[in-house]
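If you want the building blocks of each chain, they are given just below.
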Amino acid sequence: MKIPPRALWFSITCAAFLAAFFASGLQAAETTGGDPANQSDRFTAIAIGSPDVADSAIAQTGRATADTIAVDYVGRICRAAPEQNVPAWDVDGWANYQRLCNELANRPDDVALRKYLGLPIGRLADTGVVIKSNRGRSAPSWLRWSSGSYRQIETPHLQIFSRADDSTSRQIAAELEQVYWVWTQLFFPLWESQPQVALQLGQLDPQQSVSAALASGRARLSTRGKLRIVLFRDAQEYVQTLRQSIPGIEQSTGFYSDERQTSFFYPTNSRDGLASRQHELVHQLFREATRSELSGDSPGRQADFWLVEGIAGYFESLFLDGSLATVGGWDSPRLQHARARILGRRDELAFAELRDGGQTNVQQRADLARWYAHAIAQTHQLLDRGDMASRRWVYGMLASLYQIDLQVPGAAEPTAAERSLVRFLTIDDERLRTNPATRPLEQLCLGGCQITATGLAQIPPASNLQWLDLSRLPIGTGDVTRLCPRPAELNQLSLEATRIDDSIAAWIGAANRLTEMDLSWTACSDQTIASLGGHNQLHTLWLTGSKVSDASIPTLLRLPGVEAIDVQRTPMTAAAIGQLKIQRPSWKLNPLQLLTP
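The structure displayed is predicted, hence computed values, not measured ones.

The rules behind each value
- Sequence order sets the numbering: in each chain, residues are counted from 1 along the sequence as written.
- Restriction of local features to residues with pLDDT of at least 70 applies here, the model being predicted, together with a cutoff of 80 or more for giving and counting side-chain atom pairs; totals for whole chains, interfaces and linings are based on all residues.
- With hydrogens and water stripped out, all remaining heavy atoms of the structure feed into the side-chain values.
- Helix numbering and strand numbering both begin at the N terminus, where a helix is a DSSP run of H or I of at least 4 residues and a strand a DSSP run of E of at least 2.
- When accessible area is computed with a 1.4 Å probe and restricted to protein chains, residues below 20% of their type maximum are described as buried, those above 50% as exposed, and intermediate ones as partly exposed.
- In short, Shrake-Rupley with a 1.4 Å probe defines the accessible areas, and a residue's cover is counted only from the protein chains shown.
- Axes here mean lines fitted to C-alpha atoms, for a helix over just the part in contact, with angles spanning 0 to 180 degrees between N-to-C directions.
- Here roughly perpendicular refers to angles of 65 to 115 degrees, roughly parallel to angles under 35, roughly antiparallel to angles over 145, and oblique to all remaining angles.
- Crossing chirality is assigned from the near helix's rotation relative to the far helix, an anticlockwise turn below a right angle marking it left-handed and a clockwise turn marking it right-handed.
- What makes two residues a contact is simply this: any of their non-hydrogen atoms within 4.5 Å.
- Residues belong to one nonpolar core when they are buried, are Ala, Val, Leu, Ile, Met, Phe, Trp, Tyr or Cys, and are joined through side-chain atoms within 4.5 Å.
- Should DSSP find at least two bridges between two strands, the strands are taken to pair.
- The working definition used for a salt bridge is a side-chain nitrogen of Lys or Arg within 4 Å of a carboxyl oxygen of Asp or Glu.
- A pocket here means an open set of points on a 1 Å grid, computed over the protein atoms alone, that has protein on both sides within 12 Å along at least five of seven lines. A cavity is instead a set of points where a 1.4 Å probe fits but cannot get out; residues with an atom within 4 Å of a point line either one.
- Grid points are joined across faces, edges and corners, and a volume is the space filled by probe spheres set on the points.
- In this classification, the charged set is Asp, Glu, Lys and Arg, the nonpolar set is Ala, Val, Leu, Ile, Met, Phe, Trp, Tyr, Cys and Pro, and all remaining amino acids, among them Gly, are polar.

Remarks on the overall build of the protein chain
The helix and strand tally for the protein chain stands at 25 helices and 18 strands. For the protein chain, with 597 residues in total, the buried portion stands at 57%. When the accessible surface of the protein chain is summed, it comes to about 24300 Å², and 48% of that surface belongs to carbon and sulfur atoms.

Brief notes about the packing of helix H12 (residues 305-314) against helix H17 (residues 388-401)
The N-to-C vectors of H12 and H17 enclose an angle of 115°; their axes lie 10 Å apart at closest approach. When the axes of H12 and H17 are compared, the pair comes out roughly perpendicular. Where H12 crosses over H17, the handedness of that crossing is left-handed. Where H12 approaches H17, its residues Trp306, Leu307, Val308 and Ile311 are matched on the opposing element by Trp393, Val394, Met397, Leu398 and Leu401.

Some remarks on the nonpolar core
Core analysis: the largest hydrophobic core is formed by 91 residues, its most contacted members being Tyr73, Leu117 and Phe315. Of all the elements, helix H7 (residues 166-186) adds the most residues to this core, at nine residues. Once you skip the residues sitting within four places of it in the chain, Phe315 turns out to touch Val179, Val182, Trp183, Leu186, Phe187, Gln278, Val282 and Val327. The next biggest cluster of nonpolar side chains, apart from the first, holds 59 residues, and it includes Val422, Leu514, Leu559 and Leu580.

A closer look at the sheet that holds strand S14 (residues 516-518)
Across the sheet, seven strands lie side by side as S11-S12-S13-S14-S15-S16-S17; this open sheet has parallel pairing. Each edge of the open sheet carries a strand with a single partner, namely strand S11 (443-445) and strand S17 (588-589). One ladder, built from three bridges, connects strand S12 (residues 467-469) with strand S13 (residues 492-494); its direction is parallel. From the neighbouring strand, Leu468 faces S13, where its bridge partner is Leu493. Packed on one face of the sheet, helix H13 (residues 333-344) meets S11 and S12 and runs near 35° to S11.

What to know about helix H18 (residues 417-425)
The buried count for H18 comes to seven of nine residues, which makes it a mostly enclosed element. Among all positions of H18, only Ala417, Ser420, Leu421, Val422, Arg423, Phe424 and Leu425 are buried.

Remarks on the sheet that holds strand S3 (residues 132-135)
Read across the sheet, six strands follow the order S3-S4-S5-S6-S8-S7 without closing on themselves; strand pairing throughout is mixed. Every other strand in the sheet has two partners, leaving S3 and strand S7 (254-257) as the edge strands with one partner each. Ignoring strand direction, the axes of neighbouring strands in this sheet form an average angle of 20°. Across the sheet, H7 touches S3, strand S4 (151-154), strand S5 (158-162), strand S6 (227-231) and strand S8 (262-265), and the angle it forms with S5 is around 155°. Seen against the sheet, helix H11 (residues 271-288) touches S6, S7 and S8 and runs at an angle of roughly 175° to S8.

A few points about the pattern of salt bridges
On inspection of all chains with the given rule, the structure shows 28 salt bridges. Residues Arg439 and Asp331 are paired through a salt bridge, measuring 3.4 Å at the closest nitrogen-oxygen approach. Taken together, the positions of Arg439 in the loop between helix H19 (429-434) and S11 and Asp331 in the loop between strand S10 (324-328) and H13 put the pair 108 residues apart, joining distant regions of the chain. Each member of the pair Arg439 and Asp331 is classed as buried.

What to know about empty space enclosed by the protein
This model, assessed by the stated rule, comprises two cavities of 30 Å³ or more. Around the second largest cavity, the lining residues are Ile342, Asp347, Glu348, Leu349, His374, Gln378, Glu418, Leu421 and Val422. By residue number, the principal contributor to the lining of the second largest cavity is H18, which donates three residues. Each residue belonging to the lining of the second largest cavity can be placed in one class, and the counts come to four nonpolar, two polar and three charged.

Structure representation (structure tokens):
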């Protein structure tokens, strides 16, 4: 992906940029030793509230033993890291809570475990979560909704006032309950119920199951109150209701109000809509489901607002797959954009500048999208890479921001965070081998990474790709077509400086929904361009340094949507380029500024 005008370096220059970072003593992959918790680049938790989790687990693993599922997020945060001089962290109750979740995943019908967590039992167990839906009568007065004009949905942890249909309201309620349970597992030390769990499960015999211990008593989890959610009928009602009090609300699909202590959404099945619900609920969870003493203040008002948004953006990577939930990982949608920005455009934002920004001055930035990209990417690298001290530091910072009394041993503020981020984003074959993608890929940016055809082969074919960037990778046509067997779904494609040639013409011809394509510095010629006859939505075409010639002029002129095209350093003659200028004066022709290495 290119944004003109910018300096376009030859591919060797791009490689040299990354090499400069690694030559300074940084390695392309994290050194994690033999620690399984550190080798993984993501958290794995149990998807509590997901029906039929045991059957799903057996299908995934092929095993039906008592230890079919055994996640270890506690070890990822709490085990000692002697090489970093980081001691073990003993969080009362966390290890036993993890044991409880693992037992539930393997025995989802266990009555004692389900009662303790407040999950439905008996014939209702397959629903995953208790949901009560009634005619609404007690919505907040500031909504100005008349009695009976909405539904009131109650779950164990949520109170939802909804003008969406009942089926949609229930679906979103169940989805948000699952987010809640994953959050409690990963951020147990900050959760309001941590002292309660520590008291109820703290003295378990290691040889005794959690279920057996609970069956002999009457312990139940409880919370202070429910999280309030408002679900509008549609986007129009969402905007009309909130636009006077929240400028720019029309650009969002969800919002959490500190003042109202309420999250606002409208139904949408888009990936952005789901990510927004996860993002805003996490804001609400840290504010209302922890032991926070913030009172009327907002977290990060003076500084470190990057982590408030970064941790919520991190949770946008949450993916639920049967019994398991993953958060983080190189395949996180947000990290694809971070790679395009940081590796592709060589954009840097000093970590000190991120830390200095408070809520008010951040919201006034002209480059807010850039700021968000760096805040979320930095959160990913601190939590996902194999650095125990940095992970602990994130937990300690969150406790500080939300004024939660928590002592975190071994936490250390990261150093050289900018270089570490480049290293983290520049994944290699080994990272792909040891960390298989856990979600269906719709966006994939690996441009500028240290990946070969062997590494790319570790990624299963992705039939729903909409954006694919493999720029500057030593891969050929077969590697591309295997990875993306349905090019008709693509709307953005970058194969700059790869080893493709005209053998890709038929595949590109099938990608007729493309809006932007980059074939710069490839061996593609007029044969490939001839395949673009049906590409009516294509508005940006980068052919710099390719083999296209004057013979492609008729095809290019027949493309109705073109706005920008670059054909510098190609066999195309000056006369032909002049013809393009005359016949298409509105085109941005050759907008890139080329520099000799």
